[in-house]
Amino acid sequence: MDNCIFCKIIAGDIPSYKIYEDDDVYAFLDATQVTKGHTLIVPKKHFRNIFEMTGDELATVTAKIPELANLIKDKMHADGMNIMSNLEAAAGQSVFHTHIHLVPRYKGDTGVEETFFREKPMADPALLEGIQKEILG
Ligand code: AMP
Ligand code: ZN
């Protein structure tokens, strides 16, 4: 879809720190890293959000969650994870292409719930590159 930043990422027109890709799904590091390893899983096909998807269409995305969640948890030595999707601006959606947030949680981390729904600074590219290597290495 024209003018969709995630469609451009999937097409390779905008760079991303890719964690996983197959025919249906693309996963990449969130540019803001609410916690280290914060990843987005998106369907390659454009949908505005889950309100616009069938169960089967969503299932192609959610089917990848256990494998990716465990990979990120293990490689980042996380203690837990929040998995969430924001549907519409009223719920905090800012990019209107379906995505599921995987937010690793670490014992003792603070402020995550508060910062998740606020405007967050972009992470340093060197940090993103390091995290990508940690997860894929
Ligand atoms: P939401 O606010 O739930 O719609 O989530 C959108 C997420 O996309 C935010 O956490 C942003 O940090 C993230 N984001 C926006 N642009 C990019 C980008 N170019 N690369 C990686 N993540 C992005
Ligand atoms: Zn899109």
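First things first, this report covers the structure right here in the doc. No experiment lies behind these values; they were computed from the predicted model shown.

1. Regarding the packing of aromatic side chains
For the structure shown, the criterion picks out three aromatic pairs. With a centroid separation of 5.8 Å and 50° between ring planes, the pair formed by Y26 and F28 is classed as tilted. Summarising the burial analysis for this pair, Y26 and F28 share the class buried. A centroid spacing of 4.9 Å and a plane angle of 85° characterise the contact between F116 and F117, whose relative ring orientation is edge-to-face. You can call F116 buried: its relative accessible area is 6%.

2. Some words on the environment of R118
For R118, the location among the structural elements is in the loop between α4 (112-116) and α5 (125-136). On the basis of relative accessibility, which here comes to 53%, the residue R118 falls in the exposed class. Each C-alpha atom, one on R118 and one on D22, is 31 Å from the other, the two residues being 96 residues apart in sequence.

3. Topic: the site of ligand 1
Around ligand 1 sit 16 residues in total, of which D30, N86, S94, H99 and H101 are the nearest. Separating a nitrogen atom of ligand 1 from a backbone N or O atom of A31 is a distance of 3.1 Å. Take G92: an N or O atom from its main chain is 3.1 Å from an oxygen atom of ligand 1. Against a free-state accessible area of 510 Å², the protein chains account for coverage of 86% of ligand 1. Sorting the residues of the shell around ligand 1 by element identifies α1 (5-11) and β2 (25-29) as the ones contributing at least two each.

4. What about the pairing of strand β3 (residues 39-43)?
Of all five residues in β3, five are buried, a share of seventy percent or more. Burial along β3 is two-sided: the residues T39, I41 and P43 and L40 and V42 are all buried. Bridge count for β2 against β3 is five bridges, and the pairing is antiparallel. Pairing of Y26 across the sheet is with V42, part of β3. The pairing of β3 with strand β5 (residues 100-105) spans three bridges and is antiparallel.

5. With respect to unusual backbone geometry
Phi at Q33 takes a positive value of approximately 50°, unusual for a residue other than glycine. Secondary-structure assignment places Q33 in the loop between β2 and β3. Since its relative accessible area comes to 10%, Q33 is described here as buried. With a phi close to 55°, H77 is a non-glycine residue in the positive phi region. Within the element layout of this structure, H77 appears in the loop between α3 (65-76) and β4 (80-84).

6. Quick notes on the sheet that holds β2
Strand order in the open sheet made by the five strands is β1-β2-β3-β5-β4, with antiparallel pairing throughout. The strands lining the two open edges of the sheet, one partner per strand, are β1 (18-21) and β4. Taking each pair of neighbouring strands and ignoring which way they run, the sheet shows an average axis angle of 15°. Here β1 pairs with β2 via three bridges, running antiparallel. Its bridge partner being in β2, Y20 is matched across the sheet by A27. In this fold α3 packs onto β1, β2, β3, β4 and β5, with an angle of close to 30° to the strand it touches most, β5. Lying over the sheet, α5 contacts β1 and β2, oriented at roughly 45° with respect to β1.

Scoring rules and cut-offs
- Residues numbered from 1 in each chain as written.
- Chains lettered and ligands numbered in written order.
- Predicted model: local features only at pLDDT ≥ 70, side-chain atom pairs only at ≥ 80, totals over all residues.
- Heavy atoms only, no water.
- Phe/Tyr/Trp six-rings, centres within 6.5 Å; stacked < 30°, edge-to-face > 60°.
- Buried < 20%, exposed > 50% of the residue type's maximum accessible area, 1.4 Å probe, protein only.
- Helix = DSSP H or I, 4+ residues; strand = E, 2+ residues; numbered from the N terminus.
- Near = heavy atom within 4 Å.
- Polar contact = N/O pair within 3.5 Å; in protein donor to acceptor, adjacent residues only side chain to side chain.
- Areas by Shrake-Rupley, 256 points an atom, 1.4 Å probe, with all protein chains shown as cover.
- Pairing = 2+ DSSP bridges.
- Axes fitted to C-alpha atoms, helices over the stretch in contact; angles between N-to-C directions.
- Contact = heavy atoms within 4.5 Å.

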